[in-house]
Every structure is written in structure tokens, then in C-alpha cells.
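Structural description and commentary
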Amino acid sequence: MPDPSPNEYPLSVFSRPLLPAAALLLLCSLGALRACPQQLRPGVWAGTRVDSLPFPTGYQLYIVGEQHGLQENAEFQLAYLALLVQRTPLRDIALEEKSVYESAAQSYVDGRAESLPPALCLRAALLRGLRSFNSQLAPGNHVRVHLIDVDSPASAIHEHLVLLSRRIPHARRVDLPAAAKLEAQGEEAVRRLEALTADEQIRTELRSVALAIRALQEGFEAGTGPARGSPYLEEREEAMTQNLAYLIRRIASAGVLVICGFDHASRRQRGDGGPDRNQPFWPLAARLERSGLQLFTLITFPLAGETFWRGTASTLLWEPDDGHLSSGEKLSALLSSAPAAKFLYIDAATEPVRLPSQDASDYGANAFLLFPRAHPMIDECLPPEP
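Calculation notes
Residues numbered from 1 in each chain as written. Predicted model: local features only at pLDDT ≥ 70, side-chain atom pairs only at ≥ 80, totals over all residues. Heavy atoms only, no water. Helix = DSSP H or I, 4+ residues; strand = E, 2+ residues; numbered from the N terminus. Phe/Tyr/Trp six-rings, centres within 6.5 Å; stacked < 30°, edge-to-face > 60°. Buried < 20%, exposed > 50% of the residue type's maximum accessible area, 1.4 Å probe, protein only. Lys NZ or Arg CZ within 6 Å of the ring centre and 35° of its normal. Pairing = 2+ DSSP bridges. Axes fitted to C-alpha atoms, helices over the stretch in contact; angles between N-to-C directions. Contact = heavy atoms within 4.5 Å. 1 Å grid on protein atoms, 1.4 Å probe; cavity = no way out; pocket = protein on both sides within 12 Å on 5 of 7 lines; lining within 4 Å. Points joined across faces, edges and corners; volume = space filled by probe spheres on them. pLDDT = per-residue confidence, 0-100. Core = buried A, V, L, I, M, F, W, Y, C linked by side-chain atoms within 4.5 Å.

**Here's the deal with the environment of Ser291**
Along the chain, Ser291 turns up in the loop between helix 9 (284–290) and strand 9 (295–302). Residues Ser291 and Thr241, 50 residues apart in the sequence, show an inter-C-alpha distance of 9.5 Å.

As C-alpha cells, this is what we get:
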């Protein structure tokens, strides 16, 4: 994976100060900023800068559910992180990525390592931007990165078990099964390791590994290419939920920005869970909210364009005309009234918009951030081994 130069990531938010919300509103009312948002309809704003849009604060979790595979994702997520860091004490970001690579990711974004594990290639742009962001902060003020998903495929689970065993006294007593034998023998190895430690962090990771093994037993495997099996498994969603709950309780009481696919950002029950996609299923955001945590959910969604994810390029099967406001006004008409806008921000409590995706429209999000046109992310993954 190439090592970027300091100027490779083109996110201007790193080089300009963010204005406090009150100051921004005052300047906008005076007409002093060209980048001020344009309120198109009640609850609907168009803008060119993330820090000009009316994002709320005061939550424990800020969950951004993305359409995977867009160049625009990392740019928005980093600008939103910068906004939260400037306006709140938040210093933690959690990604829907394999937890075994968390230490390596943190070393990279802190500037202590020069490259990322190849398995994190799908998040290379975001992590590279976070590295650049941290380089402008004092070391004690760096943003911490947390990887909350189950490990997959089996080789990643095995790697995590090996790393954990090195942190547990007397773990040499436990024979760790090879990756090919994890489905049959992995849970017993986890139980034996758990019995050797009282360390809460290690035990949390071991619980996540146990859930990863059960997801493997259910047929789920995901490297950097096309995934196998159902992504909507109880084990996977519960692992991410437990990992975030631990973060809020023990590490990140000031709040966490969470980046995940928009299916996980739903606050409502789905009906396509389980290995055969035919069972009731509570997504991540719904589980967290039911546990009593205060969360803000934002769905980021492209209205047209192309994607590239896990080795597959796709053209989106919809256009702005396929979505509309509650009044029936097409989203294409909104874009026509603000042709220079990079974003449409919609407060769902005020405007119950219908996106081109019925699923995303029904996820109970607090807000939507719409990209007028999306571009496919750059493929930074190595070719799969033969």
C-alpha cells in the first residue's frame, strides 16, 4: 500500500479553522460567508461545507451509515469528525472493520507506523485522512481509532487469538487450533483463555472472537473481496454492540463517531436476518438505543453515480427523480435550486423525505446527508492470492 505524501489527501478542512456554530450562524445572517448553507425547504439545507450544516451535538454516539464504496464517504466523514472534535470533547472513532487490526490501525494514524495492514485497504482513504488530521494535533489529543466488527475470515480470527494469547499469563497451556479447525475447536480455546485472565479489555476481545467463530459457523466470511454468507447475523451485530458499549463505558465517555454500512445504522427491526435471511433482526443502532445510549443516526446516501466495493464496480440503479419530499417534490428539483451544493442535509423529524431506497428511508434516521452524484472509491486492495 503506498505511503501518501502529506498533501495527497485533498481535504481542505485540515487547513482551515472551524467556526463555532453560533458564530457561523451570525456571519451567515450578515451575509459574510459565501459558504453559508441555503435552507431550501423547512428541514432541508444545501451546502458546500460540512461545518456550515446544522448538525446537532450532545450525544454519546454519532452513527454514520454509509453507502459503501464512494470517494465522497471518507471526505465527509473526516470533515464531520473535525466538526465534532472542534465542538465537543469527542476523540474516538469506531469503524465497521475487523478488530484484530485495531492496534496496527492506531499505530498508523498516530504516525508510529508507515503503512497499514493490507486487510484494511477498504478503509485506506479514511485512515490516511485521520493520520493527517492527528498530525496537526498534540500527541495527547489524538483521535483514537477502534475497529468493532468481528474478525473474518478464519485466518483473521486465528491471528487475533494468537495476539491475545501473548497478552495472557500462562496462555501457553492452551493449544490454539489452526484456522481450518476454528469452527470445531475455536470456542473451547476461547473459554480456556478466558479462564486465565481477569483483564476486562482482554475478556471483551475474547467475547468478540467467540462471536466471530459463531458467525464463521453460520457461513459468514469476509476478507477484502466479495463476502460469503449473510451479513445480518445475530453474532456479528451483537459483537459490534458489545464493543461499542464497552467503549462508551470504559474508554470514550465523551462520545464516539461510528462509521458503518447504512443497514447497521437502522433503529428499526429488519426481517432478513440469520443465515438464510429470513429471521427478525435488530441492527446495531437499534440495539444501542434499546440499551439506553443516546445516539444520533445519520444516513449518507448518493442520489446518482457509481460505486466500487470489494472488487466490484456498480452503477447506481436510481436517479434524483426517484426520491421526493413529503410534499411530492422530486429531489431533482431541490438540486436544481442549489446547483453548486455538495450536500443536501435533511432533518428527518421536520421533513420525512423518501429516498430512492425504501429501506434507507424506513431506518428511522435522525437525518440524511445526500450526495448529488457519487464517484467510485479508488481500489487500494491487493489482488487476491491465487
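**Quick word on the packing of aromatic side chains**
Overall, the coordinates contain 13 aromatic pairs when judged by the stated rule. Between Phe301 and Trp318, the aromatic rings sit 5.2 Å apart at their centres with planes inclined by 15°, giving stacked as the arrangement. Of the two residues, Phe301 sits in strand 9 while Trp318 sits in the loop between strand 11 (312–315) and helix 10 (331–337), which places them 17 residues apart along the sequence. Across the pair, Trp318 and Phe301 agree in class, each one buried. Through successive ring pairs, a cluster of aromatic residues spans Trp45, Phe55, Phe76, Tyr80, Phe343, Tyr345 and Phe371. In this structure, Arg131 is placed above the aromatic ring of Tyr108, and the distance from its NZ or CZ to the ring centre is 4.6 Å. Above the plane of the ring of Phe281 lies Arg287, whose end atom (NZ or CZ) is 5.6 Å from the centre.

**A word on the sheet that holds strand 9**
Taken together, nine strands build an open sheet; the order of strands is 1-2-12-13-9-3-6-4-5 and the sheet is mixed. Since the sheet does not close on itself, it has two edges, and those belong to strand 1 (38–41) and strand 5 (144–149), each with one partner. For this sheet, the mean inter-axis angle between neighbouring strands, taken without regard to orientation, is 25°. In the sheet, strand 3 (residues 61–66) pairs with strand 9 via five bridges, with the strands oriented parallel. Across the sheet, residue Ile63 finds its bridge partner in strand 9, namely Thr297. Here helix 2 (residues 71–87) sits on the sheet and contacts strand 3, strand 6 (256–261), strand 9, strand 12 (343–347) and strand 13 (367–371); the angle it forms with strand 3, its principal contact strand, is near 170°.

**Description of the layout of surface pockets**
Each pocket or cavity is described by its volume, and for the largest pocket that value is around 720 Å³. For the largest pocket, the lining is made up of 30 residues, of which His68, Pro231, Tyr232, Asp263 and Trp309 are closest to its centre. Those elements giving two or more residues to the lining of the largest pocket turn out to be strand 4 (92–98), strand 10 (306–309) and strand 11. At three residues, strand 4 tops the list of elements feeding residues into the lining of the largest pocket.

**Re the confidence of the model for the protein chain**
This prediction gives the protein chain a mean pLDDT of 92; 90% of its residues lie at or above 70. Confidence over residues 1–17 falls short of pLDDT 50; this stretch has 31 contacts with residues more than four positions distant or in other chains.

**Observations concerning the nonpolar core**
One finds Phe55, Phe76, Tyr80 and Leu257 to be the most contacted residues of the largest nonpolar core, which totals 47 residues. The element that contributes the greatest number of residues to this core is helix 2, accounting for ten residues. Core analysis: the next-biggest nonpolar cluster, separate from the first, contains 43 residues, Leu40, Val258, Leu303 and Val353 among them.

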